[in-house]
Amino acid sequence: MFPIFVVDLFSKKYGLKSLVESTTWDLLYSCDCLRGMYADVEVFCRFLEMSYDADELLYYCYVRSLTQSVLNANFKTHWADAGRQNNPGNVGFDRRPPVLALNRRECNYIAQTIFIRNQGEEVESEKQMFSDFMGSVDGALADGAVDSSEFMKIAVERYFATRPGEHTQDAVGEDANEYANEGGAAPPLAPSRSEEAAAAAAAAVEEGGGEEEVAFTR
Amino acid sequence: MLQPTLPPFAHTIVPPLGETYFDLLIASDAHFHRDYTSGAVLADMRILGPGVTMPGASPKKKQDGPRLTPKEKLALQSANAATLRLPGALTCAAGDVFNYSRYNSTVKLLSQAAPTYAPKRRTLAWTVRLIQEIYDERYKRDTSDIGGGEEFEEMDEERVAAARAKEEVSGEHLHSREHAQTQTHTHMYPKHPLRLLLTRPLP
C-alpha cells in the first residue's frame, strides 16, 4: 500500500515520530492545495488516496524513468533548485524550475519503448495500442511539445482507464444506473479508446507503415 | 491608530506649546502615571545629549515573541489547531480548514487518532522534490523486487565500476537504469491493460 510506503520512508529518513508526522501532514496539506494546478501533484494525490493501486504506480514509475532517460534529467535534482528560471515573476510559494518538455518525437520514442516489441503475432495490436496512446498525447501537445509531467499523467490515466474489471465501460455503466436511480447526475464515463482513434489506428495499420521509424538521438 | 485625547494639563500648563509637548512625549514612548496625592498626570523622561547612550543599555536583539523550543512550538501549534475539531478536518497554520478525509488511508498510519498538528503550506518546490524522492525510492524498490537487482544512475562512477567488475566475474548484466527499465518492461508488458483489452475476445 503506497501510504504505508510513504510513512515508512519518512520514518527511515527523519527518525523522530513528531518530524514524521509533521512532514506527512505538511505534504498532505500542500499536495491538497496544489493538486488541481500541477499534473505531478495531482497524480501523486491519486496514489495517496488509493484511487490508483500498485500496478498503476509501477507503470507510472516506469514511464517516469523512461522520461528521465530521454530528457537526460533527474526530476528530483531538477526540482532541488527552483530559482534557476530567469523570470521576475518566479517567486514565492509557487516558484519552480523551467518546465521539462517533451517534443512529439520524444513522446513517440517513449511510447514505442512501452508498446512495441515487434515479436510474435501481436504486432498489429501493439501498433494499435501505440497509435491510440499517441492520439491522447497529440491532444495535449502545445507548440509541438508537452510538459513531461502532463505526458506521464496521460500515460497513467490511459493505463487506469483501460484496465479490465471495475473501471471498464460495463462497470461504469452500472455506476451510472445507480446514480440515475438515486436521481443524481450520471458520473463521467472513464475515458476509453474512442472510435475515431480506433479508426485512425486501423488506417495506420492498413497503410503498413504505422508510425514513423524513430532513430532517436538527443 | 487611535490617538489618545489631549489631557487637560497640556492646555492648562503651557497652552500654546501643550500639544507639541504632548506629541513629543507620545513619540518618546513616555510612560504616564497619575500622582494620586495631587491628582496630576506625570510623565518621566530623560533628555540626553547627541551621541550619548543610556548607561547600561545594550542593543536589543530583534525578537518578535518569546523564544520557543521546538517542543513548545509544536504544543503551541496544537493549541491553535484545537480551535476547530471536526471529523476529517482540522485548522492549518494559515487558518484554513484542511479536509483530509480523502487521505484517510495515510492519516490512519500516523499515531495520533485525533490530529493536533496544524499543517503548513510548503512551497511547490519542496512538495514536488519530496514527491520525486518518494517515486525514486519506490521505483528502486520495485525494480529490485522484479529483477533482483538495483537501479542506479550511470553517473555514479564507483557503482558502475563495481557492477562492471562483478559483471566480468559472473557474467551478469549491468544493473543500470536501462537494465531496470528492461526488467520492468518484461514484467509489465504481458499484463498491460491495453494489451489485455485488445487481445481479449469481444463479447
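Being a predicted model, the structure only gives us computed values, none of them experimental.

Each value, and the rule that gives it
- Residues numbered from 1 in each chain as written.
- Chains lettered and ligands numbered in written order.
- Predicted model: local features only at pLDDT ≥ 70, side-chain atom pairs only at ≥ 80, totals over all residues.
- Heavy atoms only, no water.
- Helix = DSSP H or I, 4+ residues; strand = E, 2+ residues; numbered from the N terminus.
- Buried < 20%, exposed > 50% of the residue type's maximum accessible area, 1.4 Å probe, protein only.
- Contact = heavy atoms within 4.5 Å.
- Areas by Shrake-Rupley, 256 points an atom, 1.4 Å probe, with all protein chains shown as cover.
- Salt bridge = Lys/Arg side-chain N within 4 Å of Asp/Glu carboxyl O.
- Expected span 1.5 Å × (residues − 1).
- Phe/Tyr/Trp six-rings, centres within 6.5 Å; stacked < 30°, edge-to-face > 60°.
- Lys NZ or Arg CZ within 6 Å of the ring centre and 35° of its normal.
- Axes fitted to C-alpha atoms, helices over the stretch in contact; angles between N-to-C directions.
- Parallel < 35°, antiparallel > 145°, perpendicular 65-115°, else oblique.
- Left-handed = near helix turned anticlockwise from the far one by under 90°.
- Nonpolar A, V, L, I, M, F, W, Y, C, P; charged D, E, K, R; others polar.
- Polar contact = N/O pair within 3.5 Å; in protein donor to acceptor, adjacent residues only side chain to side chain.
- pLDDT = per-residue confidence, 0-100.
- Patch = residues over 30% accessible without salt bridge, like charges linked within 9 Å, V, L, I, M, F, W, Y side chains within 5 Å.

### Some details on the overall build of chain A
Each helix and strand counted, chain A has ten helices and two strands in total. In sequence order, the secondary structure elements of chain A are arranged as α-α-α-α-α-β-α-α-β-α-α-α. Counting over 218 residues, chain A shows a buried share of 47%. A separation of at least 24 residues holds for 58% of the contacts in chain A among residues at least 6 apart in sequence. Carbon and sulfur atoms form 48% of the exposed surface of chain A, whose accessible area is close to 10500 Å².

### Overview of the overall build of chain B
Of regular secondary structure, chain B possesses eight helices and five strands. Each helix (α) and strand (β) of chain B, taken in turn from the N terminus, gives the series α-α-β-β-α-β-β-β-α-α-α-α-α. For chain B, restricting intrachain contacts to residue pairs at least 6 apart in sequence, the fraction spanning at least 24 positions comes to 36%. As displayed, chain B has an accessible area near 13900 Å², and 57% of this comes from carbon and sulfur atoms.

### Points about the pattern of salt bridges
One pass over the full model with this rule turns up 14 salt bridges over all chains. For glutamate 137 of chain B, the salt bridge is made with lysine 140 of chain B, and the minimal N-O distance between the two is 3.9 Å. Within this pair, glutamate 137 of chain B and its partner lysine 140 of chain B are both found in helix H5 (residues 124-147), separated by three residues, close to a single helical turn. By sharing partners, the salt bridges in this structure join Arg35, Glu42, Arg46, Glu49, Lys153 and Glu157 of chain A together with Arg102 of chain B into a single network.

### Some points on the environment of valine 107 of chain B
Positionally, valine 107 of chain B belongs in helix H4 (residues 104-107). Those residues in contact with valine 107 of chain B, other than ones at most four positions away along the chain, are Trp25 and Leu28 of chain A together with Tyr100 of chain B.

### A short note on helix H4 (residues 54-71) of chain A
Residues and elements named next belong to chain A. The first and last C-alpha atoms of H4 sit 25 Å apart over 18 residues, in line with the 26 Å expected at 1.5 Å per residue. The buried fraction of H4 is high, at 15 of 18 residues. Downstream of H4 by a residue or two, asparagine 72 has a phi angle that is positive, lying close to 50 degrees.

### Observations regarding the packing of aromatic side chains
Tallied over the entire structure, the rule returns 17 aromatic pairs over all chains. A ring pair is formed by phenylalanine 47 of chain A and tyrosine 52 of chain A, whose centres lie 5.6 Å apart and whose planes are at 70 degrees; its orientation type is edge-to-face. As far as burial versus exposure is concerned, phenylalanine 47 of chain A and tyrosine 52 of chain A are alike and both buried. An aromatic cluster is defined as three or more aromatic residues linked by ring pairs; in this entry it consists of Phe2, Phe5, Phe44, Phe47, Tyr52, Tyr60 and Phe160 of chain A together with Tyr135 of chain B. The ring of tryptophan 126 of chain B has arginine 122 of chain B lying over it, and the distance from NZ or CZ to the ring centre is 4.4 Å. Just above the ring of phenylalanine 5 of chain A sits the side chain of arginine 138 of chain B; from NZ or CZ to the centre is 5.2 Å.

### Some points on unusual backbone geometry
Residue and element names in this part refer to chain A. One non-glycine residue, asparagine 72, lies in positive phi territory at about 50 degrees. Given the relative accessible area of 62%, asparagine 72 is considered exposed. If you check the backbone angles, aspartate 143 has positive phi at about 55 degrees while not being a glycine. With respect to the secondary-structure elements, aspartate 143 resides in the loop between helix H7 (123-140) and strand E2 (145-147). You can call aspartate 143 exposed: its relative accessible area is 86%.

### A closer look at the environment of leucine 74 of chain B
Position of leucine 74 of chain B relative to the elements: it lies in helix H3 (residues 70-81). Remark: the alpha-carbon pair of leucine 74 of chain B and threonine 116 of chain B, spanning 42 residues in sequence, is separated by 9.1 Å. If we skip the residues at most four places from it in the chain, leucine 74 of chain B touches Ser18 of chain A together with Tyr117 of chain B.

### Here we look at the packing of helix H1 (residues 2-14) of chain A against helix H2 (residues 17-34) of chain A
All names here are of chain A. Running from amino to carboxyl end, H1 crosses H2 at an angle of 130 degrees, the nearest separation of the two axes being 9 Å. With respect to each other, H1 and H2 are oriented oblique. H2 is crossed by H1, and the crossing has right-handed handedness. Across from Val7, Phe10, Ser11 and Tyr14 in H1, the residues of H2 making contact are Leu19, Val20, Thr23, Thr24 and Leu27. When grouped by side-chain class, the residues that make up the contact of H1 with H2 number six nonpolar, three polar and no charged.

### Structural notes on the side chain of threonine 143 of chain B
The topology assignment puts threonine 143 of chain B in helix H5. Here lysine 140 of chain B takes part through its backbone oxygen, which lies 3.1 Å from a polar atom of the side chain of threonine 143 of chain B.

### Brief notes about the packing of H4 of chain A against helix H8 (residues 148-161) of chain A
Each pair of packed helices gets described by two things: the angle between the helix axes and the distance between those axes. Residues and elements named next belong to chain A. Where H4 meets H8, the axes come as close as 10 Å, and the angle between the chain directions of the two elements is 150 degrees. Viewed along their axes, H4 and H8 adopt a mutual orientation that is roughly antiparallel. In terms of crossing hand, the pair formed by H4 and H8 is right-handed. Only Ser148, Phe151, Met152, Lys153, Ala155, Val156, Tyr159 and Phe160 of H8 make contact with H4, whose side of the interface consists of Asp55, Glu56, Tyr59, Tyr60, Val63, Arg64, Thr67 and Leu71. For the contact of H4 with H8, the per-class residue count stands at ten nonpolar, two polar and four charged.

### Examining the confidence of the model for chain B
Residue and element names in this part refer to chain B. Per-residue pLDDT for chain B averages 66, and the proportion of residues at 70 or more is 46%. At the low end of the mean pLDDT range in chain B sits helix H8 (residues 193-199), at 48; at the high end sits H5, at 86. Every residue in residues 171-175 is under pLDDT 50, and counting partners more than four places away or in other chains gives 15 contacts.

### Brief notes about a nonpolar patch on the surface
Nonpolar side chains collect at one region of the surface, where Met1, Ile4 and Met50 of chain A together with Leu109 of chain B lie side by side and expose about 340 Å² of accessible area between them. As for its placement among the helices and strands, leucine 109 of chain B is situated in the loop between H4 and H5. For leucine 109 of chain B, a relative accessible area of 34% translates into the label partly exposed.

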